Amino acid sequence: MANYSIWMLEAQNVTVSGGKSLSGFTQGNGSHLLGETIRLNNNNWLQTFIKDNDSKFDDQDADQPLDGPQIIDGVSYGNETRVEAEYRLTLLDPATGNTWNVIGYNVNNSSPAFGTIEGLAFVGPVGGFPPIGVDLQVTGTFEGPGAAGQPPINAGAIAAPPCFTPGTRILAEDGYIPVEDLRVGDRVRTRDAGLQQLLWVGRAVLSAADLLANPSFQPVCIRADAFGPGQPARDLLVSPQHRILVRNWAAELHFGTSEVLVAAQHLINDQSVTRTPAPDGITYLHIMCAAHHVIWAEGLETETFLPGPQSLGHVPRATVEELLALFPELQSRGRPPFDPARPVLRAWEARMMAGVQV
């Protein structure tokens, strides 16, 4: 039986306009929310653990219970309590035009069994979690994934931390040094702006049990020379959402630019880029400058951490206050403080270029 976890924001941390609730009771497709706004009030993301006979978080799945007793939206639920992806929403930030694909998380131990929504899960990796404190418009409502003709959603589509792993060598001021040895104030070499100082260094530690519960968090290995001689110079292990700079004619043809950033998991080809289980657990490390930059890791061009409002959901909760102290604008409405160093491709856009370079 497959096991995974789903990150969600509990209903108690969400405000719906018009005094409405995420729960529809008789509306299994979320249509009672169409035209309303939804505001995420904080970054208190909750990780829930699920047992499943497949890797898809779906609606109307009889083999999709909680893996162990858990507290969700302030209520205690027992092991084997059935959960579902009850409905799917499209949310729009009218200030930026950004949209998000959102899943209503239902715990069946309620009355009626399918009537309550205990929280919202967010489909990644591009966009990830929406910004906090923004009134997002509900522009589309649908039955849950896997029901009524809706496509299923793989649990691996839920956003995960974008970061490096220990031992990865980053090109710094005096040459390549292991990422775990970098400290705030150190300077790394960037593609566009020369030496840039690190303003924040963070880490997320996932145990073997964590990875067993959510295989989508397993690292991706980019083999030596996958993108050409010395790119990377040796095998490079990164988180699934960590983005790599891809440069080829297909990017120019489809997107009007020769360089784009693509999540490692969307480069997997089972040859030069592979999913690589970490049986003893994994530590992911983040490094961040005062802007988003392309840097070199093991000779391969990749990215520093991109702290848009949605990215705060990708780092451990304990680090959020530190980041907000450095960048208070992260919690304000409007554009994120950093623009991406290059266009960031969605999954389907990355598939358009599959097989061209990697």
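**Some points on the pattern of salt bridges**
Right, so step 1: All told, the structure shown has 15 salt bridges when counted by the stated rule.
Right, so step 2: Residues participating in the shared-partner salt-bridge network are Arg191, Asp192, Arg247, Glu259, Glu301 and Arg342.

**As for the side chain of Thr283**
Right, so step 1: Looking at the element boundaries, Thr283 is found in strand S21 (residues 282-288).
Right, so step 2: Setting aside residues up to four positions removed in sequence, Thr283 forms contacts with Phe164, Thr165, Pro166, Arg203, Ala204 and Val205.

**A word on the sheet that holds strand S17 (residues 236-238)**
Right, so step 1: The strand order S17-S16-S20 describes an open sheet built from three strands, whose pairing is antiparallel. Either end of the sheet is taken by a strand with one partner, and the two such strands are S17 and strand S20 (273-275). Direction aside, neighbouring strands of the sheet carry axes that sit 25 degrees apart on average.
Right, so step 2: Where strand S16 (residues 220-222) lies against S17, three bridges are found, and the strand directions are antiparallel. Of the residues in S17, the one forming a bridge with Val220 is Val238.

**A few points about the environment of Ile222**
Right, so step 1: Within the element layout of this structure, Ile222 appears in strand S16.
Right, so step 2: With 22 residues separating them in the primary sequence, Ile222 and Ile244 have C-alpha atoms 9.9 Å apart.
Right, so step 3: Leave out the neighbours within four places in its chain, and Ile222 touches Phe227, Pro232, Arg234, Asp235, Leu236, Ile244, Ser272, Val273 and Leu300.

**Quick notes on unusual backbone geometry**
Right, so step 1: Between Gln231 and the following residue, Pro232, the backbone shows a cis peptide bond with an omega angle of 0 degrees.
Right, so step 2: If you trace the backbone, Pro232 turns up in the loop between S16 and S17.
Right, so step 3: Unlike most non-glycine residues, Asp225 shows phi in positive territory, near 70 degrees.
Right, so step 4: Its location among the elements puts Asp225 in the loop between S16 and S17.

**Brief notes about the confidence of the model for the chain**
Right, so step 1: Confidence along the chain averages 82 in pLDDT terms, with 83% of residues attaining 70 or more.
Right, so step 2: For the chain, the element scoring lowest by mean pLDDT is helix H3 (residues 320-326), at 59; strand S2 (residues 14-16) scores highest, at 97.

**Topic: the pairing of strand S8 (residues 99-107)**
Right, so step 1: With seven of its nine residues buried, S8 lies for the most part within the structure.
Right, so step 2: Judged from the nine bridges that link them, strand S7 (residues 83-92) and S8 form a sheet pairing that is antiparallel. Considered in S8, the bridge of Val83 is made with Val107.
Right, so step 3: Counted between consecutive antiparallel strands, the loop separating S7 from S8 contains six residues, among which Gly97 sits at a positive phi close to 80 degrees.
Right, so step 4: Pairing analysis gives four bridges linking S8 to strand S9 (residues 119-122), with the strands arranged antiparallel.

Rules and cut-offs
- As a convention, each chain's residues are numbered from 1 in the sequence order in which they are written.
- Where local features are concerned, this predicted model is filtered to residues with pLDDT of at least 70; where side-chain atom pairs are given and counted, the filter is 80 or more; whole-chain, interface and lining totals use all residues.
- Only hydrogens and water are set aside when side-chain values are computed; all heavy atoms of the structure are taken into account.
- Every case where a carboxyl oxygen of Asp or Glu lies within 4 Å of a side-chain nitrogen of Lys or Arg is listed as a salt bridge.
- Numbered from the N terminus, helices here are DSSP runs of H or I no shorter than four residues, and strands are runs of E no shorter than two.
- Contacts were defined at the residue level, with two residues in contact if any of their heavy atoms lie within 4.5 Å.
- At least two DSSP bridges between two strands are needed for those strands to be called paired.
- Note on geometry: axes are C-alpha line fits, over the in-contact stretch for helices, and angles between N-to-C directions span 0 to 180 degrees.
- For every residue, the predictor states its confidence as a pLDDT score lying anywhere from 0 to 100.
- Relative accessibility under 20% of the residue-type maximum defines a buried residue, over 50% an exposed one, and the middle range a partly exposed one, all with a 1.4 Å probe and only protein chains included.

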